[in-house]
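For reference, the chains in residue letters:
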Amino acid sequence: MMTLSMKRIYFIPFLFLLFACQQQASSPSNDRLVLTPVDIQDVRLLDGPYQHAMIKDGQWLQALEPDRLLHRYRLYAGLEPKGEIYGGWESRGISGHSLGHYISACAMMYAATGEAVYKERVDYITSELQECQEAMATGYIGAIPGQDSVWLQVAAGDIRSQGFDLNGLWVPWYTQHKLLAGLVDAYAFAGNDAALSVARKFSDWIDTTFDGLTEEQFQEMLTCEFGGMNDILAKLYQITGDEKYLKLARRFYHQSVLDPLANQTDQLSGQHANTQIPKIVGAAKLYELKGDTKDSTIAAYFLRTVLNDHSYANGGNSEHEHFGAPRQLEHRLSESTSETCNTYNMIKLTQHVNTWEFDGQWGDYIEKALINHILASQNPETGMVCYFVPLDAGGEKTYSDPFDSFWCCVGSGWENHAKYGGLIYYEAPDQSVVIDQYIASALTLDHIRLTQKSDYPESALVRIEIKDVDEAFQSLYLRIPAWSRGHQVTLNGKPISGLLTNGYLKLDEKWAAGDEIALSLAMDLHAEELLGSDKKIAMFYGPTLLAGALPQGMEPHNYPVFLADNEGYDWIDWDAAKMSGKTQVGYPQDVVMMPFYQLYEQPYVVYLDRYNEEDWANHKEKVEAERRAQEILDTRTMDVLRIGEMQPERDHELVGENTESGEAFNRKWRHATDGWFAFQMTVDPQASNELMVTYWGGDAGNREFQVLADGQIIATQKLERNRPDEFYDEVYELPRNVTQGKQKVSIRFESLPGKTAGGVYGVRMLRAQ
């Protein structure tokens, strides 16, 4: 049996014992255990939805060709590529990021299954990267178009960024973090020492190349998304003991984001969500290594803030990749809610914090996120994954293509379904074991072997059988979820009790091989309100988020509302055995509720609009009018640019001079002072097209500019408190000669001399009515 992996590095909270006297809200207190997650290779998944998800993931990983993912690594090292480059993001400026995720996923899959095919992939890719590194002769390796010239510019202090780019490159540090993380995972999970050597040489190049940057210059560089560079460099320090990696990890401390969190101030509104989460994971890692409570405060405050003030019922967060105002999600439901990468990183962060605090709320969150976002993001037939998991009414999950997407959430998706085994069990210094997640699995440690079997989350009963146990082993902890209205535990059929503290039930018995523990949790229907709305509720059965299946093609104005009082849920005819039930109070029709993670290739409603009869009588006309207006607008819309947001602006090829973006009134904006900005918009060459631009009616003060379409002036606009205290739309007609025969046109906002163009808060291209 094994107690440690051959390369365990990710969770060794040994320094907590040294710092236990430093009592802060986010530091381990005397009545809480200090935990270490059990390694993936000490766990084997058994039959159930998680094993099914892992199998589908493995089939996809094996279908991918490493040489195609290595294409640009070899090309830019001056070597002949051995495979054609994949499409999607891999053929764009972020190419190379997928290979890092792929190495991590294969290494984890090898640890989780022991199947040699995954180690063979890891070893082959590592040898190829070694060859690339030797050919480049600097320690650097990369697959990013234009990388050489840009790194030289940045190292010389010539640093330019609009958040999504660094001197024109699409988030290069983000891409390189994925590669470094993959190499370290190859070492940690697949025992490849050469991967560690490649990672060290690459990190030495970073240390040497950017050593001359001033702190101000380095911070300017960090305005561009950089993934978890602080996290991976901290891990390299943990492995090697080389202080230069710790120093470099500390340099990747983004002051403008992390300092407010250290002061326990929520300034997340308007920030690109997943840009920030890996930075916080890095702070958690640094706390575990060095014990600086500033780092633990950053991590724990951010975690609590996001979960309490910025999250949806499925455990996800963000809309169109951005945080909004705290506890105001009512108008933040769309086809682009809950980016899957965010939850991938939030689970990482939560597991870190749980090792210090040992509080059931963190296991509760991981459970919610795994069932209702991670499982829900995978197509159970094909294994394909979602970028966003929509939570708007009429939403439908959009899945990746196996060989032509390569989004960020494809890479994190490969990892998500490979590493379930590392989230289930924890060990404490006294060798007690914590069962944190109820996932069918077998655990093998030196002092205990056990199996966990159940149909959870569809069943409330979990059976744990002790296969072998050291006679000195005493304490077994079971997480009792906060949603459970009660629990019963038996040992070999006889009721036993234990001490319930911080959400965990501690069982102290004289255990023997063959003992069977049965845990029964009281599942029932319960609701969770959408933050900022007492009208929209999400329904759960136990830990499982439910959704109402909608017929294909249902018009938005027919989406049902539910005329029910706030007390009780007898208006759902629920069948627990079938995990489904039909509503009885839907208007104009009812829906069948079922587990959200089981719903795919079908539209649905997650947040139910609940009214009592009197409220609906007062709101019916307004709600239906708003729905019909939005339906008409959506039908006319050909393209939308969410101005000021990183990915949409990049997708629309935004460029400009003397332009900047920001946030006001919970919306992003962009303007240009004595300058301009321009972007591409889709048009209909066969129809009349109209440009709809959203402005803030209170803007004034020297804001006068021209709006141009493919160089032709279509309007001269002046903002001078046109509609005080509200947003409003201006619609500009595009001349037919501008759009005829074209699929796209360039829209340009150009200030008059000495004046400001904008702010612009939103842009749509419409077919004229």
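Here's a quick rundown of the structure. A quick note: this is a predicted structure, and the numbers were derived from the prediction, not measured.

## Quick look at the overall build of the chain
Then, number 1: Helix and strand counts for the chain come out as 21 helices and 35 strands.
Then, number 2: A globule of 769 residues ought to have a C-alpha radius of gyration of about 27 Å, and the chain, at 27 Å, matches this closely.
Then, number 3: Considered along the principal axes of its C-alpha atoms, the chain spans approximately 85 × 75 × 50 Å.
Then, number 4: Among the 769 residues that make up the chain, the fraction classed as buried is 61%.
Then, number 5: A separation of at least 24 residues holds for 73% of the contacts in the chain among residues at least 6 apart in sequence.
Then, number 6: Element-wise, carbon and sulfur atoms account for 46% of the exposed surface of the chain, whose accessible area totals about 28400 Å².
Then, number 7: For the chain, the separation between the mean place of its 67 positive charges and that of its 108 negative charges on side chains is 1 Å.

## Here's the deal with the pairing of strand β18 (residues 544-549)
Then, number 1: The buried count for β18 comes to six of six residues, which makes it a mostly enclosed element.
Then, number 2: Of the two faces of β18, the one carrying T544, L546 and G548 and the one carrying L545, A547 and A549 are both buried.
Then, number 3: Where strand β17 (residues 536-541) folds back onto β18 in an antiparallel hairpin, the turn is made up of two residues, including G542, whose phi is positive at roughly 60°.
Then, number 4: Note: β18 against strand β23 (residues 592-595), four bridges, orientation antiparallel. Paired with G548 across the bridge in β23 is M593.
Then, number 5: Here β18 pairs with strand β24 (residues 604-605) via two bridges, running antiparallel. For G548, the partnering residue across the bridge sits in β24 and is V605.

## Examining the sheet that holds strand β9 (residues 461-469)
Think of a sheet as strands paired side by side through backbone hydrogen bonds, with each pair either parallel or antiparallel.
Then, number 1: Ordered in space as β2-β7-β8-β9-β15-β11-β12, the seven strands form an open sheet in which the pairing is antiparallel. Edge strands, defined here as strands with exactly one partner in the open sheet, are β2 (43-45) and β12 (494-495).
Then, number 2: For β9 and strand β15 (residues 516-521), the ladder comprises five bridges, and the chain directions are antiparallel. Residue pairing for β15: E465 is matched across the bridge by E516.

## Focus on the pairing of strand β7 (residues 441-444)
Then, number 1: Across the two faces of β7 the burial differs, with S441 and L443 buried and A442 and T444 not buried at all.
Then, number 2: Pairing of β2 with β7, which is carried by three bridges, proceeds in the antiparallel orientation. Across the sheet, the residue bridging to R44 is A442, located in β7.
Then, number 3: With four bridges joining them, β7 and strand β8 (residues 448-453) adopt antiparallel strand pairing. When the sheet's bridge partners are listed, S441 is paired in β8 with Q452.

## Re the side chain of D165
Then, number 1: Here D165 lies in strand β3 (residues 165-166).
Then, number 2: Although buried, D165 forms no salt bridge, and the nearest oppositely charged side chain, R650, lies 5.7 Å from it.

## A short note on the packing of aromatic side chains
Then, number 1: Scanning the entire structure with this criterion turns up 43 aromatic pairs.
Then, number 2: Ring centres 5.5 Å apart and planes at 70° place the aromatic pair Y438 and Y456 in the edge-to-face group. Of this pair, Y438 sits in the loop between β6 (433-435) and β7 while Y456 sits in the loop between β8 and β9; the two residues are 18 residues apart in sequence, bridging distant segments of the chain.
Then, number 3: Accessibility expressed as a relative area gives 1% for Y438, which makes it buried.

## Considering the nonpolar core
Then, number 1: Ranked by size, the top nonpolar core spans 209 residues in total, and within it L129, W173, F302 and I517 carry the most contacts.
Then, number 2: Counting residues per element, this core draws most heavily on helix α8 (residues 172-190), at 12 residues.
Then, number 3: Listed in part, the 29 residues of the second largest apolar core include V693, A715, I747 and A757.

## A few points about the packing of helix α15 (residues 293-309) against helix α17 (residues 360-374)
Then, number 1: Packing of α15 against α17 brings their axes to within 13 Å, and their N-to-C directions diverge by 55°. By the angle between their directions, the pair α15 and α17 is classed as oblique. Pair α15 / α17 crosses with left-handed handedness. Residue-level contacts link L303, R304 and L307 of α15 to Q361, W362 and Y365 of α17.

## Here's the deal with unusual backbone geometry
Then, number 1: Residue P588 is bonded to the preceding Y587 through a cis peptide linkage, with omega at 5°.
Then, number 2: In this fold, P588 is placed in the loop between β22 (586-587) and β23.
Then, number 3: Of note, the bond from G758 into G759 is cis; its omega dihedral lies within 30 degrees of zero at 5°.
Then, number 4: Following the sequence through the fold, G759 ends up in strand β34 (residues 756-760).
Then, number 5: In the Ramachandran plot, F358 falls in the positive-phi region, its phi being about 45° despite a non-glycine side chain.

## Some points on the sheet that holds strand β14 (residues 504-508)
Then, number 1: With mixed pairing, the six strands of this open sheet are ordered in space as β1-β5-β6-β10-β14-β13. For this open sheet the edge positions go to β1 (36-37) and β13 (499-501), each flanked by a neighbour on one side alone.
Then, number 2: Where strand β10 (residues 475-479) meets β14, five bridges bridge the pair, whose relative direction is antiparallel. In the sheet register, L478 faces β14, and the bridge partner there is L505.
Then, number 3: Relative to the sheet, helix α16 (residues 340-357) contacts β1, β5 (425-427) and β14, its axis offset from that of β5 by approximately 40°.

## Quick notes on the environment of V683
Then, number 1: Assignment of secondary structure puts V683 in the loop between β28 (667-682) and β29 (689-696).
Then, number 2: Not counting the four nearest positions on each side in its chain, V683 is found in contact with M638, N689, L734, T739, K742, Q743, K744, V745 and M765.

## Regarding the pattern of salt bridges
Then, number 1: Per the stated rule, a full pass over the model turns up 37 salt bridges.
Then, number 2: With its nearest N and O atoms 3.1 Å apart, the salt bridge here joins R327 to D309. Taken together, the residues span a long stretch of sequence, with R327 in the loop between α15 and α16 and D309 in helix α15 at a distance of 18 residues.
Then, number 3: Between D508 and K506 there is a salt bridge whose closest N-O contact spans 3.8 Å.
Then, number 4: Put simply, R74, K82, E128 and E131 are held in one network by salt bridges that share partners.

## A short note on the environment of K82
Then, number 1: Within the secondary structure, K82 sits in the loop between α4 (71-76) and α5 (97-113).
Then, number 2: Assessed through its relative accessible area of 45%, K82 is described here as partly exposed.
Then, number 3: Counting along the chain gives 16 residues from K82 to P66, while the straight-line C-alpha distance between them is 9.4 Å.
Then, number 4: Beyond its immediate stretch of four places on either side in the chain, K82 contacts D67, R74, Y124 and E128.

## Considerations on helix α9 (residues 193-209)
Then, number 1: In this model α9 runs 25 Å from its N-terminal to its C-terminal C-alpha over 17 residues, within 8% of the 24 Å that 1.5 Å per residue would give.
Then, number 2: Every buried residue of α9 is accounted for by A195, L196, V198, A199, F202, S203, W205 and I206.
Then, number 3: Turning to α9, the residues buried within the fold contact α6 (116-136), α7 (147-155), α8, α11 (229-240) and α12 (243-251).

## Observations regarding the environment of S441
Then, number 1: By the secondary structure assignment, S441 is in strand β7.
Then, number 2: In this structure, the C-alpha to C-alpha distance between S441 and K453, residues 12 residues apart in sequence, is 6.7 Å.
Then, number 3: Setting aside chain neighbours within four positions, we find S441 in contact with V43, R44, L45, L46, I424, Y425, L450, T451 and Q452.
Then, number 4: There is a polar contact of 2.7 Å between the side chain of S441 and the side chain of Y425.

## So, the side chain of E631
Then, number 1: Relative to the elements of secondary structure, E631 occurs in helix α19 (residues 613-636).
Then, number 2: Put simply, E631 is tucked away with no salt bridge, and the nearest opposite charge, on R628, sits 5.5 Å away.
Then, number 3: Contact partners of E631, with chain neighbours within four places excluded, come to E555, P556 and H557.

Analysis parameters
- Residues numbered from 1 in each chain as written.
- Predicted model: local features only at pLDDT ≥ 70, side-chain atom pairs only at ≥ 80, totals over all residues.
- Heavy atoms only, no water.
- Helix = DSSP H or I, 4+ residues; strand = E, 2+ residues; numbered from the N terminus.
- Rg over C-alpha atoms; globule rule 2.2 N^0.38 Å.
- Buried < 20%, exposed > 50% of the residue type's maximum accessible area, 1.4 Å probe, protein only.
- Contact = heavy atoms within 4.5 Å.
- Areas by Shrake-Rupley, 256 points an atom, 1.4 Å probe, with all protein chains shown as cover.
- Lys, Arg positive; Asp, Glu negative; His and termini not counted.
- Charge placed at Lys NZ, Arg CZ, Asp CG, Glu CD.
- Pairing = 2+ DSSP bridges.
- Salt bridge = Lys/Arg side-chain N within 4 Å of Asp/Glu carboxyl O.
- Phe/Tyr/Trp six-rings, centres within 6.5 Å; stacked < 30°, edge-to-face > 60°.
- Core = buried A, V, L, I, M, F, W, Y, C linked by side-chain atoms within 4.5 Å.
- Axes fitted to C-alpha atoms, helices over the stretch in contact; angles between N-to-C directions.
- Parallel < 35°, antiparallel > 145°, perpendicular 65-115°, else oblique.
- Left-handed = near helix turned anticlockwise from the far one by under 90°.
- Expected span 1.5 Å × (residues − 1).
- Polar contact = N/O pair within 3.5 Å; in protein donor to acceptor, adjacent residues only side chain to side chain.

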